[in-house]
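Commentary on secondary and tertiary structure
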Amino acid sequence: MTLVLLFVVLFVLLIAGAPVAVALGVSSLVFIMLDGLPSVVVLHNMVNGINSFPLIAVPFFIMAGHLMNTAGITTKIFAFARSAVGWMYGGLGHVNVGASVIFAGMSGAAVADAGGLGNIEIKAMREAGYDTDFSVGITAASSTIGPIIPPSLPLVVYGVIADTSIGQLFAAGLIPGLIMAFALMIMVAFYSKLRNYPRDEKFIFSKFLTSFGHAILPLFTPIIIVGGILTGIFTPTEAAIAAVAYAMLLGLVVYRTLTWRGIIRVSMDTVETTASIMMIVAASAIFAWILTANQVAEMFATELLSFTDNKTAILLIMMLIVLIVGCFMETIAAITILTPVLLPIAMTVGVDPVHFGIILILNLMIGLLTPPVGMVLYVLSKVSDVPFEKCVTATAPFLVPLIAVLLLLTFIPEISMWLPTALYR
């Protein structure tokens, strides 16, 4: 009965508009008090939930993304992508995707991509005569590549919760991220033919070399981060610190577009974002502990396996659950709650934890594009001055290639597992 009350209180608070961390914490506290457990259990599990060395990477990856935006480095990335693929029909749509792939190797967060590159991309596409719905839709969809291609904040959190190698998770996300980009570029080509979108500009080799020269130092950022992790030069946490140091070097010394006032503002934004994430992780740790202690995962696994033991059916059911949860819950909270429940079931039917992490994160990224808690949609609504409802309808067609890639990755695990197997196993 108390377990039922746990979920009732959680959903009532979420529907009432309470912050996710508050809803998780209060519902857990109500359960603990009714169950007769000492209230110190709450503090103990909150502290344990965030007492993890890999989580130190979170604020540094956030800060690196903010520094790149503040220093104007995203503009150089966009210019390079424009010179590289702008010659294709629907050129700025392809540029949008290409720029997101590059920026993904720096920030690791969909919201950072949407907020940083989104403003530049949508403005450029509007000026070139592209329809607003297409501009907003492709910008929203391409931002989901960020948390799949390493580095990735959600994969760091998943790795901590699932006790899985973050290096292997980063390696597993590289190929799927590129496949997502390819699928979205096919969608751009389809729209371009349907709406007769023009090429952005002719390919001029000298212009390409010039833009590459301007962007070459920022382009080294993903090489430093991903290459350093995959070669074992440093851990994901150390890679995050290196990314911040490199971003500050570019902003302060090379381009001189970053001021100390800007660094203070970035630091404050980083503290605010990190605090909200850590509060969610801490509150989710209590909630997850309650689910584990009461064997909710085992009960759910028993019920699900009694319904069917078919691996395909089980994976489809779990993916549907994650999609639904992703529509209503923030990504980090969803990861910390769903992982302890669904991962044991996935492993029971022979799914590798690394593979499961990739499909879980991609699933939740699709949730960022769906109401009512579509964070990317809210961000783009703000930067594009387009009503939230129109952002929803504009993004809906682009869910098709993302869901197709999700199904492809779910049932062909070799796509995500080939690289980590070759490097680590």
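Criteria and thresholds
- Residues numbered from 1 in each chain as written.
- Predicted model: local features only at pLDDT ≥ 70, side-chain atom pairs only at ≥ 80, totals over all residues.
- Heavy atoms only, no water.
- Helix = DSSP H or I, 4+ residues; strand = E, 2+ residues; numbered from the N terminus.
- Rg over C-alpha atoms; globule rule 2.2 N^0.38 Å.
- Buried < 20%, exposed > 50% of the residue type's maximum accessible area, 1.4 Å probe, protein only.
- Contact = heavy atoms within 4.5 Å.
- Areas by Shrake-Rupley, 256 points an atom, 1.4 Å probe, with all protein chains shown as cover.
- Lys, Arg positive; Asp, Glu negative; His and termini not counted.
- Charge placed at Lys NZ, Arg CZ, Asp CG, Glu CD.
- Phe/Tyr/Trp six-rings, centres within 6.5 Å; stacked < 30°, edge-to-face > 60°.
- Lys NZ or Arg CZ within 6 Å of the ring centre and 35° of its normal.
- pLDDT = per-residue confidence, 0-100.
- Core = buried A, V, L, I, M, F, W, Y, C linked by side-chain atoms within 4.5 Å.
- 1 Å grid on protein atoms, 1.4 Å probe; cavity = no way out; pocket = protein on both sides within 12 Å on 5 of 7 lines; lining within 4 Å.
- Points joined across faces, edges and corners; volume = space filled by probe spheres on them.
- Nonpolar A, V, L, I, M, F, W, Y, C, P; charged D, E, K, R; others polar.
- Expected span 1.5 Å × (residues − 1).
- Axes fitted to C-alpha atoms, helices over the stretch in contact; angles between N-to-C directions.
- Parallel < 35°, antiparallel > 145°, perpendicular 65-115°, else oblique.
- Left-handed = near helix turned anticlockwise from the far one by under 90°.
- Bend = angle between axes of the 7 residues up to and from the residue.
- Patch = residues over 30% accessible without salt bridge, like charges linked within 9 Å, V, L, I, M, F, W, Y side chains within 5 Å.
- Salt bridge = Lys/Arg side-chain N within 4 Å of Asp/Glu carboxyl O.

Let's talk about the overall build of the protein chain
Broken down by element type, the protein chain carries 21 helices and 0 strands. For a compact globule of 425 residues, the expected C-alpha radius of gyration is about 22 Å, and the protein chain comes in at 21 Å, within 12% of that figure. Taking the principal axes of the C-alpha coordinates as reference, the protein chain spans close to 70 × 50 × 45 Å. Across the 425 residues of the protein chain, 53% fall into the buried class. Sequence separation of 24 or more characterises 79% of the internal contacts of the protein chain that already satisfy a separation of 6 or more. Looking at the protein chain as shown, the accessible area adds up to about 17,700 Å², and 71% of this sits on carbon and sulfur atoms. Looking at charge distribution, the protein chain has the averaged site of its 16 positive side-chain charges lying 17 Å from that of its 20 negative ones.

Here we look at the packing of aromatic side chains
One pass over the full model with this rule turns up 12 aromatic pairs. When the centroid spacing of 5.7 Å and the interplanar angle of 35° are considered together, the rings of Phe80 and Phe208 count as tilted. Here Phe80, found in helix α5 (residues 73-85), pairs with Phe208, found in helix α11 (residues 205-230); they are 128 residues apart in sequence, far enough to count as distant. Summarising the burial analysis for this pair, Phe80 and Phe208 share the class buried. Measuring from centroid to centroid gives 6.4 Å for Phe208 and Phe212, while their planes differ by 15°, and the two rings are stacked. Residue Phe208 and its partner Phe212 are located together in helix α11, separated by 4 residues, close to a single helical turn. Ring pairing ties together the aromatic residues Tyr130, Phe134, Phe190, Tyr191, Tyr197 and Phe398, which thus form one cluster. Positioned over the ring face of Tyr255 is Lys76, at 4.3 Å from the centre of the ring.

With respect to the confidence of the model for the protein chain
Regions with low pLDDT carry predicted coordinates that are not meant to be interpreted in detail. Summarising the model, the protein chain shows a mean pLDDT of 82, and 96% of its residues fall at 70 or more. The weakest mean pLDDT in the protein chain belongs to helix α7 (residues 110-127) at 71; the strongest belongs to helix α20 (residues 399-411) at 93.

Side note on the nonpolar core
Soluble globular proteins tend to bury their nonpolar side chains together. Membership of the largest hydrophobic core comes to 137 residues, with the highest contact counts inside it found for Tyr158, Met318 and Phe356. When residues no more than four places from it in sequence are discounted, the contact partners of Met318 are Leu304, Leu342, Ile345, Ala346 and Phe356.

Overview of the layout of surface pockets
Approximately 380 Å³ is the volume found for the second largest pocket. Lining the second largest pocket we find 17 residues, and of these Phe7, Phe11, Val325, Ile337 and Leu338 sit closest to its centre. Elements with a contribution of two residues or more to the lining of the second largest pocket: α1 (2-15), α13 (260-293), α14 (296-307), α15 (311-328) and α16 (331-348). Across the lining of the second largest pocket, the residue classes break down as 17 nonpolar, no polar and no charged.

Overview of unusual backbone geometry
A positive phi angle, close to 60°, is found at Asn196, a residue other than glycine. With respect to the helices and strands, the residue Asn196 is situated in the loop between α10 (166-195) and α11. Accessibility expressed as a relative area gives 68% for Asn196, which makes it exposed. Phi at Arg256 takes a positive value of approximately 55°, unusual for a residue other than glycine. Note that Arg256 resides in the loop between α12 (236-254) and α13.

Comments concerning α20
For α20, with 13 residues, the first-to-last C-alpha span of 18 Å sits near the 18 Å given by 1.5 Å per residue. Check the buried side of α20 and you find it contacts α8 (132-143), α10, α15, α17 (353-367), α19 (388-395) and α21 (414-424).

Observations concerning the packing of α17 against α20
Packing of α17 against α20 leaves a shortest axis separation of 10 Å and a crossing angle of 165°. By the angle between their directions, the pair α17 and α20 is classed as roughly antiparallel. Pair α17 / α20 crosses with left-handed handedness. Contact residues: His355, Ile358, Ile359, Leu362, Asn363 and Ile366 in α17; Leu399, Leu402, Ile403, Val405, Leu406, Leu409 and Thr410 in α20. Looking at the contact of α17 with α20 residue by residue, the classes come out as 10 nonpolar, 3 polar and no charged.

Looking at α16
Relative to the 26 Å expected for 18 residues at 1.5 Å per residue, α16 spans 24 Å between its end C-alpha atoms, a close match to the ideal helical length. When the local axis directions of α16 are compared, the greatest deviation, roughly 50°, occurs at Thr339, which is followed within four positions by the proline Pro340. For α16, a buried count of 14 out of 18 residues is recorded, marking the element as mostly surrounded by other parts of the structure. Immediately downstream of α16, the backbone of Gly350 shows phi near 90°, a positive value.

Quick word on the side chain of Ser152
With respect to the element layout, Ser152 can be found in the loop between α8 and α9 (153-162). You can call Ser152 buried: its relative accessible area is 0%.

With respect to a nonpolar patch on the surface
A cluster of nonpolar residues, Phe212, Ile216, Leu217, Phe220, Ile223, Leu249, Val253 and Val254, forms a patch on the protein surface that exposes about 620 Å² of accessible area. Listed by contribution, the elements that provide at least two residues to the nonpolar patch are α11 and α12. Broken down by element, the residue count for the nonpolar patch peaks at 5 residues, all from α11.

Some points on the environment of Phe220
As for its position among the elements, Phe220 is in helix α11. Overall, the relative accessible area of 36% leaves Phe220 in the partly exposed class. Spatially, the C-alpha atom of Phe220 lies 14 Å from that of Ala99, the residues being 121 residues apart in sequence.

Considering the packing of helix α6 (residues 91-104) against α10
The N-to-C vectors of α6 and α10 enclose an angle of 170°; their axes lie 9 Å apart at closest approach. Taken together, α6 and α10 sit at an angle that is classed as roughly antiparallel. Two secondary-structure elements touch here, α6 through Gly93, His94, Val97 and Val101 and α10 through Leu178, Ala181, Leu184, Met185, Val188 and Ala189.

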